[in-house]
Amino acid sequence: MPIDYFFQSLAKDARERAVCIVLSGLGTDGTVGLKMVMENFGMVMVQAPDTAEYDSMPRSAIATEFVDYVLPAEQLPAKLLEYVNKPLGARPRREVAESASQPAHALQKIFTLIRTQTGHDFSFYKRNTVFRRIERRMNSHQIQEFTHYVRFLQETPSEVEALFKELLIGVTKFFRDKEAFDLLKVRLLPVLRAKPADSVVRVWAPGCSTGEEAYSLAMTLLEALDGIDPTRHLKIQIFATDINNEGIDFARAGLYPANIEADVSPARLERFFQKTDGHYLIRKEVRDLVIFALHNLNKDAPFTRLDLVCCRNLLIYLSAELQKNIIPIFHYALNPNGLLFLGRPRTSPGFRIFFSPWT
């Protein structure tokens with residue numbers, strides 16, 4: 001998957017300056033990488049599938065819902081030039097800002113509409129993430145003014161549901177930051193060796209999205225158990241939770257496209273997956289380790305007596321205020337020698353009153 005690899009590298013290096021364009025092609029290469037571009041607030045363009053000689057790559061890209069522009073190939077250059085010739089500050093909003101075009105009271109109206117219709121409160125999500133997703137919905141309806149979009153939401157309940165789903169979209173993949181998972185496996189060994197025989201290793205993965213992270217944990221734990229005396233008969237139980245019902249259903253099925261080959265080693269594909277109709281199905285013995293459930297981290301009671309909490313993708317979307325509320329919950333949920341596995345450092349040093357960093 002060279003295009004996926006290239007897009008991911010581009011996203012890490014250029015961040016909000018990155019632009020990726022998916023043209024005619026077979027397969028799904030580029031689909032994973034473009035998500036990384038969008039997560040770093042870059043821009044994604046795709047050739048309209050009905051104008052492509054081979055439409056599978058454009059259709060796979062569009063299905064992610066992470067695409068800014070879908071146009072015939074001959075219209076892409078003009079749109080690209082229009083975009084890159086604007087100063088960064090004049091491009092579609094990528095940063096936290098509440099200006100005259102995006103007033104705070106209008107944003108609160110949107111949060112209220114979503115909360116009333118779905119029961120979920122997004123007011124503690126990071127503003128740049130919220131604005132980015134709102135702008136995508138506005139663009140899809142050719143709505144220029146933020147307040148006009150608020151009125152459209154008030155008049156169109158189906159659009160409130162569409163925006164809710166847009167805000168739930170998370171960027172995830174198998175073994176994201178492979179080095180971190182390699183270190184986790186090393187850190188897990190003392191925890192596993194300290195467990196009594198015939199006991200259960202309990203893990204919680206909140207914000208599991210479509211399941212890649214939860215299954216990555218299952219595979220990592222199974223590999224770690226290879227270094228433990230098998231006569232001790234340790235069992236694994238992973239609770240993977242999210243507020244997205246569709247994501248949970250997808251994760252339970254455990255069926256993923258062939259482009260996961262870019263993130264999963266051949267040895268793991270052989271051991272933990274079975275190939276079926278051009279897709280990879282998580283083997284039943286791995287699926288059985290994971291319990292997927294709807295759960296709101298900010299409202300529902302946490303799981304307890306845990307050996308590991310993994311929250312690598314969710315926290316990056318939450319405000320510092322909400323993070324401060326959640327970290328003590330993780331501390332309460334974990335056993336005294338339990339591990340908290342976070343994503344890239346984006347947390348307050350104050351969390352060290354609850355946890356000691358890995359060294």
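The following paragraphs examine the structure supplied in this document. (Residues numbered from 1 in each chain as written. Predicted model: local features only at pLDDT ≥ 70, side-chain atom pairs only at ≥ 80, totals over all residues. Heavy atoms only, no water.)

1. Focus on helix H2 (residues 31-39)
Because an α-helix packs 3.6 residues into every turn, residues spaced three or four apart end up facing the same way.
Turning to step 1, where the next piece is worked out: The buried fraction of H2 is high, at 8 of 9 residues.
Turning to step 2, where the next piece is worked out: Taken together, the buried positions of H2 are occupied by Thr31, Val32, Gly33, Leu34, Met36, Val37, Met38 and Glu39.
Turning to step 3, where the next piece is worked out: If you follow the buried residues of H2, they end up packed against helix H1 (2-14), strand S1 (19-22), strand S2 (43-47), helix H3 (56-63) and helix H6 (127-140).
Turning to step 4, where the next piece is worked out: Remark: phenylalanine 41 follows H2 within two positions and exhibits a positive phi of approximately 70°. (Buried < 20%, exposed > 50% of the residue type's maximum accessible area, 1.4 Å probe, protein only. Helix = DSSP H or I, 4+ residues; strand = E, 2+ residues; numbered from the N terminus. Contact = heavy atoms within 4.5 Å.)

2. Digging into the packing of helix H9 (residues 178-194) against helix H10 (residues 212-225)
Turning to step 1, where the next piece is worked out: H10 packs onto H9 with a crossing angle of 55° between their chain directions and a minimal axis gap of 9 Å. Put simply, H9 runs oblique to H10. Every pair of crossing elements has a handedness; the one defined by H9 and H10 is right-handed. Counting all contacts with H9, which are made through Phe181, Leu184, Lys185, Leu188, Leu189 and Leu192, the residues of H10 involved are Ser216, Leu217, Thr220, Leu221, Glu223, Ala224 and Leu225. (Axes fitted to C-alpha atoms, helices over the stretch in contact; angles between N-to-C directions. Parallel < 35°, antiparallel > 145°, perpendicular 65-115°, else oblique. Left-handed = near helix turned anticlockwise from the far one by under 90°.)

3. Looking at the packing of aromatic side chains
Turning to step 1, where the next piece is worked out: Following the criterion strictly, the structure yields 16 aromatic pairs and no others.
Turning to step 2, where the next piece is worked out: Aromatic side chains phenylalanine 174 and tyrosine 256 sit 4.9 Å apart centroid to centroid with 80° between the ring planes, which places their arrangement in the edge-to-face category. One end of the pair, phenylalanine 174, is in the loop between helix H8 (157-168) and H9; the other, tyrosine 256, is in strand S6 (residues 255-257), and 82 residues separate them in sequence. Judged on exposure class, the residue phenylalanine 174 and its partner tyrosine 256 are both buried. (Phe/Tyr/Trp six-rings, centres within 6.5 Å; stacked < 30°, edge-to-face > 60°.)

4. Some thoughts on the sheet that holds strand S7 (residues 273-276)
What links the strands of a sheet is backbone hydrogen bonding, and the strands pair in either a parallel or an antiparallel sense.
Turning to step 1, where the next piece is worked out: Strand order across the open sheet formed by 3 strands is S6-S8-S7, with antiparallel pairing between neighbours. Whereas interior strands pair on both sides, the edge strands pair on one side only; in this sheet they are S6 and S7. The mean angle between the axes of side-by-side strands here comes to 35°, regardless of whether they run parallel or antiparallel.
Turning to step 2, where the next piece is worked out: Pairing of S6 with strand S8 (residues 279-282) involves 3 bridges; the strand directions are antiparallel. Of the residues in S8, the one forming a bridge with proline 257 is histidine 279. (Pairing = 2+ DSSP bridges.)

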